[in-house]
Amino acid sequence: MIKISEAINIITKEAKLLEVEKVHILSSLNKILAEDIYSKDNLPSFDKSAMDGYAIKSEDTKNCESKNPVELRIKGIIKAGDYYEEEIKCGEAIKIMTGAAVPRGANAVIEIEKVNTVKDKLILNSVVKKENNIIKMGEEIEIGDLAIQKGKMIRPAEIGLLASLGYKYIHVYKSPVISLIITGDELIEIDEEPFMGKIRNSNEYSLRALIDNLNGKYISLGVVSDDKNILKEKIKYAFENSDIVITSGGASVGDYDFIEDVLKELGADIKFTTISIKPGKPVTFAVYNEKLFFGLPGNPMSIITAFEEFVVPAVNKMMGKNNLVKEEITVVLADDFKGKKGRTKYVYADIIKENGRYYAYNVGSQCSNHLITLSRANGIVIIPADIGSVNKGEILNGKFIFK
Ligand SMILES: Nc1nc2c(c(=O)[nH]1)N[C@H]1C(S)=C(S)[C@@H](COP(=O)(O)OP(=O)(O)OC[C@H]3O[C@@H](n4cnc5c(N)ncnc54)[C@H](O)[C@@H]3O)O[C@H]1N2
Ligand code: MOO
């Protein structure tokens, strides 16, 4: 049985950066940019008004004050998208809408609510500084400037920025294709009624959602009965058609737990078979032709824990992400938590911020079969292997889940 950190080190050493692909910007969310993006334009490409108001010459307001107001003649109106050909001369103003191009000759915009008008006369009561409310051409970014650096994760803001710079397609690192093989003769479909000894196949759904959360792709190879030869064929096919192979169940020491045997027969390099973590101990990690294999435990809570803790860092590395593991936080226990010494315990809890500190509340049974506990939790309290139960008031590390 190896430590959690040791397992993550072995896994991330084996996970290799995937190839680059060209995708539409809308398909790039949460992916890592594989090229530097330079601006092909000045943003904005013209001096534009930041406010609804009047474009004027600042010098016309030089000695302006309430006792000495200035009157300008309003020549017309410019809305966003229009271009006003004429030059503004001394004594003139033009009504301008937010986002419209400031006409030649004008060098300031005064907001509508700060002026008075009488017919076509604009009355000003104070000095308007040069460049007031004008967004200068190239102020945001200039032609040739680096807009987004290679290695950055694409978020909605980057997608908007790429669109404003005229990029429709970009190069990102590929997401791994993950094959899912679910084992267990006890499994039925989710729309079937459970009868004696049978349960619904929830792991398939948890796994697909976990992969969706990572922007990964999956191939679902269905439920395989507890038959070694069928399992071997499925795993072989999965290795040939994906970057990562995940099996659910059959990971422990039962009479029908064949995963390790099958991997040995295929000639895969088994790196480890158990990790000192509860839930999630029986995790088999192997490598075959640079493809990664994770044999995850069948217990519904264990499989999610093992995926988040061990599969996610591998996927992050393959997609080019910098932060492979989740950040830990300090939590104050708001309740007692039971636990046995031996393995590092990931106790699911509700973590709430109160007065600047995180407090962890007990949300119920930590039995690896009880998915309901996980659904009541938003985080984990980490109880070290050499500690058993812990009490209210104690301070431990923790982390949020699915973020
Ligand atoms: N003698 C020992 N027995 C067990 C040990 C051990 O060290 N010695 N380890 C236990 C631990 S820890 C875990 S975790 C489980 C893992 O077992 P398997 O990976 O072999 O999983 P199964 O036995 O197939 O199933 C466990 C449990 O989960 C349910 N299950 C399985 N697949 C699904 C699915 N697709 N959807 C929903 N639920 C599923 C299954 O019915 C079982 O209840 O082993 C312990 N045993
Ligand atoms: O380690 Mo098992 O994963 O208790 O549930």
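- The name recorded for the chain in an unreviewed UniProt entry is Molybdopterin molybdenumtransferase, from Clostridium aceticum.
- UniProt, in the comment section headed Catalytic activity (unreviewed entry), describes the chain in these words: "adenylyl-molybdopterin + molybdate = Mo-molybdopterin + AMP + H(+)".
- In its Cofactor (unreviewed entry) section, the UniProt record describing the chain reads: "Mg(2+)".

1. Thoughts on the overall build of the chain
- From N to C terminus, the chain includes 7 helices and 26 strands.
- Over its C-alpha atoms the chain spans a radius of gyration of 31 Å, topping by over 25% the 22 Å that the globule rule assigns to 403 residues.
- Pairs at least 24 residues apart make up 71% of the contacts formed inside the chain by residues separated by at least 6 positions.
- Within the structure as shown, the chain displays about 20400 Å² of accessible surface, and the carbon and sulfur contribution to it stands at 49%.
- When the 54 basic and 57 acidic side-chain charges of the chain are each reduced to a single mean position, those positions are 3 Å apart.

2. Regarding the domain arrangement of the chain
- As far as domains go, the chain holds domain 1 (4–19 + 175–318), domain 2 (20–42 + 147–173), domain 3 (48–135) and domain 4 (329–400).
- Taking only C-alpha atoms into account, the centre of domain 1 sits 32 Å from that of domain 2.
- Each side of the interface is counted separately: domain 1 has 6 residues, and domain 2 has 7 residues.
- Of the roughly 520 Å² buried where domain 1 meets domain 2, counting both sides, 39% is carbon and sulfur surface.
- Contact with domain 2 buries area across many residues of domain 1, yet Glu19, Ser175 and Asn215 alone supply 67% of it, more than any other trio.
- Counting every contact that joins domain 1 to domain 2 gives 0 salt bridges.
- In this structure, the connection of domain 1 to domain 2 is made through 2 residue pairs in polar contact (both at pLDDT 80 or more).

3. Focus on the pairing of strand S22 (residues 329–333)
- Within S22, 4 of the 5 residues are buried, which leaves the element mostly enclosed by the surrounding structure.
- Of the pairings in the sheet, the one linking S22 to strand S26 (residues 395–400) comprises 4 bridges and is antiparallel in character. Within the sheet, the bridge partner assigned to Val332 lies in S26 and is Ile395.
- Relative to strand S24 (residues 357–362), S22 runs parallel, the two being bridged by 3 bridges. Bridge pairing in S24 places Val331 opposite Tyr358.

4. Describing the pairing of strand S5 (residues 70–78)
- Two strands pair when backbone bridges link them, and S5 and strand S9 (residues 121–124) are joined in this way by 4 bridges, in the antiparallel orientation. Note on S9: the bridge partner recorded for Glu71 is Ile123.
- As judged from the 4 bridges shared by S5 and strand S6 (residues 92–96), these two strands associate in the parallel manner. Each bridged residue has a counterpart across the sheet, and for Ile77 the counterpart in S6 is Lys95.

5. Here's the deal with the site of ligand 1
- Taken together, 23 residues form the shell around ligand 1, and within it Glu186, Asn201, Ala251, Lys281 and Gly298 come nearest.
- A distance of 2.9 Å separates an oxygen atom of ligand 1 from a polar atom in the side chain of Glu186.
- Note that a nitrogen atom of ligand 1 is positioned 3.1 Å from one of the backbone N or O atoms of Ser202.
- In isolation ligand 1 offers 870 Å² of accessible surface; the protein chains occlude 71% of this area.
- In terms of residue class, the shell around ligand 1 is built from 8 nonpolar, 11 polar and 4 charged.

6. Some details on the packing of helix H3 (residues 202–213) against helix H6 (residues 300–318)
- Packing of H3 against H6 brings their axes to within 10 Å, and their N-to-C directions diverge by 20°. Judged by the inter-axis angle, H3 sits roughly parallel to H6. For the crossing formed where H3 meets H6, the hand is right-handed. Of H6, the residues touching H3 (which contributes Ser202, Asn203, Ser206, Leu207, Leu210 and Ile211) are Pro300, Ile303, Ile304, Phe307 and Glu308.
- Considering only residue class, the contact of H3 with H6 consists of 7 nonpolar, 3 polar and 1 charged.

7. With respect to the site of ligand 2
- Around ligand 2, a shell composed of Ile277, Lys278, Pro279, Gly280, Lys281, Pro282, Asn299, Ser302, Arg343 and Ser368 is seen.
- Within the contact set of ligand 2, an oxygen atom lies 2.4 Å away from a backbone nitrogen or oxygen of Gly280.
- Residues belonging to the shell around ligand 2 are distributed by class as follows: 3 nonpolar, 4 polar and 3 charged.

8. Some thoughts on the sheet that holds strand S18 (residues 269–272)
- Across the sheet, 6 strands lie side by side as S16-S13-S17-S21-S20-S18; this open sheet has mixed pairing. Because the sheet does not close on itself, it has two edges, and the strands there are strand S16 (217–224) and S18. Averaged over all neighbouring strand pairs, the angle between strand axes comes to 20°, with direction disregarded.

Criteria and cut-off values
- Starting from 1, residues in each chain are numbered consecutively following that chain's sequence as written.
- Numbering of ligands from 1 and lettering of chains from A proceed in the order in which they are written.
- In keeping with the predicted nature of the model, local features appear solely for residues at pLDDT of at least 70, side-chain atom pairs appear and are counted solely at 80 or more, and the whole-chain, interface and lining totals rest on all residues.
- Processing note: side-chain calculations cover all non-hydrogen atoms of the structure and skip hydrogens and water entirely.
- UniProt positions are given in the numbering used here, feature names are shortened, and annotations may be inferred rather than shown by experiment.
- Numbering of helices and strands runs from the N terminus; a helix is a DSSP stretch of H or I covering at least four residues, while a strand is a stretch of E covering at least two.
- Throughout, the radius of gyration refers to the C-alpha atoms, and the reference size of a globule is 2.2 Å times the residue count to the power 0.38.
- Contact between two residues is taken to exist if any of their heavy atoms lie within 4.5 Å; hydrogens are not considered.
- Surface accessibility in these figures is a Shrake-Rupley result with a 1.4 Å probe; residues are shielded only by whichever protein chains are displayed.
- Just so you know, the count uses Lys and Arg for positive and Asp and Glu for negative, and it drops His and the chain ends.
- Lysine's charge is taken at NZ, arginine's at CZ, aspartate's at CG and glutamate's at CD.
- In this entry, domain limits derive from an automatic or database-based domain assignment.
- The term buried area denotes the loss of accessible surface (1.4 Å probe radius) that occurs when two parts are joined, taken as the sum for both partners.
- Note on definitions: salt bridges are taken to be side-chain nitrogens of Lys or Arg within 4 Å of carboxyl oxygens of Asp or Glu.
- Distance and chemistry together define a polar contact, namely a pair of N or O atoms within 3.5 Å, with one atom able to donate a hydrogen and the other to accept it when in protein, and with adjacent residues in sequence counting only for side-chain atoms on both sides.
- Buried residues are those whose accessible area, probed at 1.4 Å on protein chains only, stays under 20% of the maximum for their type, while exposed residues exceed 50% and partly exposed ones sit between those limits.
- Strands are treated as partners if at least two bridges between them are detected by DSSP.
- One heavy atom within 4 Å of a molecule or strand makes the whole residue count as near it.
- Charged means Asp, Glu, Lys or Arg here, nonpolar means Ala, Val, Leu, Ile, Met, Phe, Trp, Tyr, Cys or Pro, and polar covers whatever is left, Gly included.
- Between N-to-C directions, angles span 0 to 180 degrees; the directions come from axes that are lines fitted to C-alpha atoms, helices contributing only their stretch in contact.
- When describing relative orientation, an angle under 35 degrees is termed roughly parallel and one over 145 degrees roughly antiparallel, while 65 to 115 degrees is termed roughly perpendicular and anything else oblique.
- Here is the rule for handedness: rotate from the far helix to the near one, and if that takes an anticlockwise turn smaller than a right angle the crossing is left-handed, while a clockwise turn gives right-handed.

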